[in-house]
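Commentary on secondary and tertiary structure
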Amino acid sequence: MARVVKVTDKSRANLTGGSRKGVPNKVTAELKDMIREALDAAGGVSYLLERAHDPKTATAFLSLVGKTLPMTVKGPGEGGEFFQKIIVEVVRAKP
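To start, this report covers the structure provided alongside it. (Residues numbered from 1 in each chain as written. Predicted model: local features only at pLDDT ≥ 70, side-chain atom pairs only at ≥ 80, totals over all residues. Heavy atoms only, no water.)

Here's the deal with a nonpolar patch on the surface
For the record, the criterion: The patch calculation keeps residues exceeding 30% relative accessible area without a salt bridge and links them within 9 Å when they carry like charges or within 5 Å when they are nonpolar (Val, Leu, Ile, Met, Phe, Trp, Tyr). Method for areas: the Shrake-Rupley scheme with a 1.4 Å probe, in which residue coverage is limited to the protein chains shown. Any carboxyl oxygen of Asp or Glu within 4 Å of a side-chain nitrogen of Lys or Arg constitutes a salt bridge here. A run of H or I in DSSP becomes a helix once it reaches four residues, and a run of E becomes a strand once it reaches two; helices and strands are each numbered from the N terminus.
Side chains of L31, M34 and I35 sit close together on the surface and give an oily, nonpolar patch of about 320 Å² of accessible area. Tracing the backbone through its elements, the reader meets L31 in helix α2 (residues 26-42).

Structure, rendered in structure tokens:
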């Protein structure tokens, strides 16, 4: 039968392995740098514009755009909400 061990916050502090929270992955950082260098060598923004306007590569371009957007967007509200003021003006039609 499997043994169940209860993990508490104190016991987690003694565990080893893995990365600390917030430490960027070296491989990911190096790969992003390589991609940026390749993009600069290919023509930068003008190259991306060509890909966006070419029907054969537009799908790949939009996929790239989707991967670069942030996963969540927080607004200025207390819980990250967005607020928008809407004014409705009711106007009567002339008879």
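Remarks on the environment of L39
Worth spelling out the cut-off: Three exposure classes are used, based on accessible area relative to the maximum for each residue type with a 1.4 Å probe and protein chains only: buried under 20%, partly exposed in between, and exposed over 50%. Contact criterion: two residues are considered in contact whenever any of their non-hydrogen atoms come within 4.5 Å of each other.
By the element assignment, L39 lies in helix α2. Exposure remark for L39: the relative accessible area of 28% places this residue in the partly exposed category. Excluding residues that lie within four positions of it along the chain, L39 makes contacts with G44, Y47 and L48.

A look at the pattern of salt bridges
Opposite charge on two side chains lets them pair, provided their charged atoms get close. Tallied over the full model, the rule gives 1 salt bridge. Where D33 meets R36, a salt bridge forms, and the shortest distance between an N and an O atom there is 3.3 Å. Taken together, the residues span about one helical turn, with D33 and R36 both in helix α2 at a distance of 3 residues.

Let's talk about the packing of helix α3 (residues 45-53) against helix α4 (residues 58-68)
For any two helices packed against each other, one specifies the crossing angle of their axes together with the interaxial distance. What counts, and what does not: Where helices are involved, their axes are fitted lines through C-alpha atoms of the stretch in contact, as for all axes, and angles between N-to-C directions lie from 0 to 180°. Working definition: roughly parallel below 35 degrees, roughly antiparallel above 145 degrees, roughly perpendicular at 65 to 115 degrees, and oblique for all remaining angles. Residue classes follow a fixed rule: Ala, Val, Leu, Ile, Met, Phe, Trp, Tyr, Cys and Pro count as nonpolar, while Asp, Glu, Lys and Arg count as charged, and any other residue, Gly among them, counts as polar.
It is at 6 Å that the axes of α3 and α4 come closest, and there the two elements cross at 120°. As summarised for this structure, α3 and α4 are arranged oblique, according to the angle between their axes. Contacts between α3 and α4 involve L48, R51 and A52 on the former and, on the latter, A58, F61 and L64. Partitioning the contact of α3 with α4 into residue classes produces 5 nonpolar, no polar and 1 charged.

So yeah, pure geometry; function would need other evidence.
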